[in-house]
Amino acid sequence: MVFPFKSLEDFKVDISQDHELLRSAVRDFSENILAKYLEKGEKELDIPKEVKEKAKEIGLYGLFVDPELGGQGADYISLLVTSEEISRIWPSFSTFLLINWMFIYTLSRFGNEDLKKKYVIPVAKGDKIAAFANTEPSAGSDVAGIKTTAKKLSNGGYVINGRKIFITNGDIADYYIITARTSPPDPNARWKGISMFIVEKDSVKPISRIDTTGLKASHTAEILLEDVKVPEENIVGQEGNGFKYAVSAFDFARTIVASQALGVGQAALEKMVNYSLQRNAFERKLADFQLVQTKVSESLADLEVARLITYWAGTLFKNNKENEYVIAASLAKFISTEAAERIVLRAISVYGGYGVTTSTGLERMLRDLQIMKTYEGTNDIQRISAARYLYNKFIGYKV
């Protein structure tokens, strides 16, 4: 019984020796480069230039991009491996990469050749920074609820007006993907009439940087678009199909967020185990106490279940099983982020008094996870989305 999937063959994880070699290389970069800048970056609310340049040297920006567009030609699983290993040390930097990857994916899939050459290549090479601007003050989970407008000019092109909020890289990006309404919403199909554009930084006005609980070195901003003129060639795909493109981008990103949580959960488990072997209580190591052993085994179970479902979802994406992937991505997102949260909380309890200090890094992990549970579709929305997709696509019942 594999309901709602078609075959047991849908349940596999495609991991190769190449992925293991990549993991080893990214772990080396994370431990020897990222770790040195972590505390400084989180305190100064920025990722140092040295980190970005080193990531550029080893090709992390264009990891999955076709070589003719400046990339390395790796697969989707490689993004999960990279994101997990980076997040084990510094999730803020993995978020910086994630948004660049979203931009590249969207243009690579839906943009024409001219847009790819003009905008994908510099982002893939690490020469330019990208942002994906969809969320608005009154439209977060409700993507179809955006109010930003793009009016077509009689002499060609569009003029965009609107405000976007919670935009990662919003105050530092060179290129922005902007969603805007090119026609009023249809009461029977609210998603219709949204289009997607590429806008360059000189036309975007960052209003303020938003102080978030976690991912402190990641730039989250509110931006304003006032009478921004965009040439017609900067529309992505077809006018009116921007909603579909945006949803596809979020689907792409969702399992990468799950892999971020894996990295955090892995780091917390390692801290818990190491501390239990170093700390003595009542003249015994903490590892000798059954209560601690239970916390370790439960955390290991949480982590490995989350890892399997995340890489399973990634394999579905890699193999172009779109219907199966969408459900798996939603499951992976809420399962992995919440599993990692439980692991961090157990680690805090094993650390005892030290667990509530900032020096262990555990409280930062807990803060970072609250954002992972929220962005690219909140966990509550993922639960609803998975159920609705199951009814709609697999059973044929519209909910």
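Sequence order as written defines the numbering, with residues in each chain counted from 1. Selection of residues for local features in this predicted model requires a pLDDT of at least 70, selection of side-chain atom pairs for listing and counting requires 80 or more, and totals for whole chains, interfaces and linings are taken over all residues. The side-chain numbers reported here are obtained from all heavy atoms of the structure, hydrogens and water having been left aside.

**Let's talk about the overall build of the protein**
The condition is simple: Under the DSSP-based scheme used, a helix requires at least four consecutive residues in state H or I and a strand at least two consecutive residues in state E, with every element numbered from the N terminus. Note that the radius of gyration is over C-alpha atoms, with the globule rule given as 2.2 Å times the number of residues to the power 0.38. Three labels apply to residues, based on accessible area from a 1.4 Å probe with only protein chains included: buried if under 20% of the type maximum, exposed if over 50%, partly exposed otherwise in between. Contact definition: two residues touch when any of their heavy atoms are within 4.5 Å. In this description, accessible areas are obtained by the Shrake-Rupley approach with a 1.4 Å probe, and a residue is regarded as covered only by the protein chains that are shown. When charges are counted, Lys and Arg are positive and Asp and Glu negative, with His and the chain ends excluded. Where a charge lies is defined by one atom per residue type, namely NZ (Lys), CZ (Arg), CG (Asp) and CD (Glu).
When its secondary structure is counted, the protein shows ten helices and ten strands. The C-alpha radius of gyration computed for the protein amounts to 22 Å, which stays within 12% of the reference 21 Å derived for 399 residues, consistent with globular compactness. The C-alpha extent of the protein, read off along each of the three principal axes, is 80 × 50 × 40 Å. With 399 residues in all, the protein has 55% of them scored as buried. For the protein, restricting intrachain contacts to residue pairs at least 6 apart in sequence, the fraction spanning at least 24 positions comes to 75%. When the accessible surface of the protein is totalled, it reaches about 17900 Å², and 52% of it is carbon and sulfur. Placing the 51 positive and 51 negative side-chain charges of the protein at their respective mean positions leaves the two points 3 Å apart.

**A short note on the UniProt feature "domain: Acyl-CoA oxidase/dehydrogenase middle" (unreviewed entry) in the protein**
Rules: UniProt positions are given in the numbering used here, feature names are shortened, and annotations may be inferred rather than shown by experiment.
Within this structure's numbering, the places UniProt gives as "domain: Acyl-CoA oxidase/dehydrogenase middle" (unreviewed entry) are residues 131-228. The span residues 131-228 is 0% helical and 47% strand by assignment, and the distance between its end C-alpha atoms comes to 17 Å.

**Overview of the pairing of strand 1 (residues 130-133)**
For the record, the criterion: A pair of strands is labelled paired if DSSP reports no fewer than 2 bridges between them.
A two-sided burial pattern is seen for strand 1, the buried positions comprising A130 and F132 on one face and A131 and A133 on the other. Judged from the four bridges that link them, strand 1 and strand 4 (residues 175-181) form a sheet pairing that is parallel. If you follow A131 over to strand 4, its bridge partner there is Y176.

**A few points about the packing of aromatic side chains**
Just so we agree on the cut-off: Ring pairs shown here join Phe, Tyr and Trp side chains whose ring centres sit within 6.5 Å, with only the six-membered ring taken for Trp; geometry is labelled stacked below 30 degrees between planes, edge-to-face above 60, and tilted in between.
Per the stated rule, a full pass over the model turns up 23 aromatic pairs. Ring geometry for Y105 and F252: centres 4.3 Å apart, planes at 5 degrees, overall stacked. Of the two residues, Y105 is situated in helix 4 (residues 91-110) and F252 in helix 6 (residues 242-278); the sequence distance between them amounts to 147 residues. Here Y105 and F252 have matching classes, each one buried.

**Some points on a nonpolar patch on the surface**
Rules: Here the term patch refers to residues with relative accessible area over 30% and no salt bridge, with like charges joined within 9 Å and nonpolar side chains (Val, Leu, Ile, Met, Phe, Trp, Tyr) within 5 Å. Criterion for a salt bridge: a side-chain nitrogen of Lys or Arg within 4 Å of a carboxyl oxygen of Asp or Glu.
A grouping of F3, Y391, I395, Y397 and V399 is seen on the molecular surface, where their side chains present a nonpolar patch of about 520 Å² in accessible area. Considering the arrangement of structural elements, one finds Y397 in the segment after helix 10 (379-395). For Y397, a relative accessible area of 52% puts it in the exposed group.

**Here's the deal with the UniProt feature "domain: Acyl-CoA dehydrogenase/oxidase N-terminal" (unreviewed entry) in the protein**
Feature annotation in UniProt assigns "domain: Acyl-CoA dehydrogenase/oxidase N-terminal" (unreviewed entry) to the following positions: residues 16-127. What you have in residues 16-127 is 74% helix and 0% strand, and the ends, taken at the C-alpha atoms, are 30 Å apart.

**Here we look at unusual backbone geometry**
Of note in this structure, F166 is not a glycine but carries a positive phi near 60 degrees. Following the sequence through the fold, F166 ends up in strand 3 (residues 158-168). Look at D227: it is not a glycine, yet its phi comes out positive at around 50 degrees. Here D227 shows up in strand 7 (residues 220-230).

**Let's talk about the environment of G126**
If you trace the backbone, G126 turns up in the loop between helix 5 (113-124) and strand 1. C-alpha separation for the pair G126 and A268, spaced 142 residues apart in sequence, amounts to 30 Å. Here G126 is in contact with K56 and Y61, once residues within four sequence places are set aside.

**Overview of the pairing of strand 4**
Of all seven residues that make up strand 4, seven are buried, and the element is covered over most of its length. Burial along strand 4 is two-sided: the face carrying Y175, I177, T179 and R181 and the face carrying Y176, I178 and A180 are both buried. Sheet topology note: the strand 4/strand 5 (residues 194-200) ladder contains seven bridges and is antiparallel. Paired with T179 across the strands is M196, a residue of strand 5.

**With respect to helix 2 (residues 49-57)**
The condition is simple: Note: the arc covers the axis-to-C-beta directions of the helix.
Every buried residue of helix 2 is listed here: V51, K52 and A55. When helix 2 is viewed along its axis, its buried side chains cluster within an angular range of 95 degrees and face the same direction. Residues of helix 2 that are exposed and angled more than 90 degrees away from the buried face: K49 and E57. Residues of helix 2 that are buried in the fold lie against helix 1 (17-44) and helix 4.

**Concerning the pattern of salt bridges**
A complete count under the given rule lists 28 salt bridges for this structure. Where R27 meets E85, a salt bridge forms, and the shortest distance between an N and an O atom there is 2.8 Å. Here R27 is found in helix 1, whereas its partner E85 is found in helix 3 (residues 76-89), with 58 residues between them in sequence. For R27, a relative accessible area of 22% puts it in the partly exposed group. Across the pair D174 and K201 runs a salt bridge, and its minimum N-O distance is 3.4 Å. With D174 in the loop between strand 3 and strand 4 and K201 in the loop between strand 5 and strand 6 (205-209), this pair connects stretches of sequence that are 27 residues apart. Beyond isolated ion pairs, a larger network of salt bridges with shared partners links E20, R23, R27 and E85.

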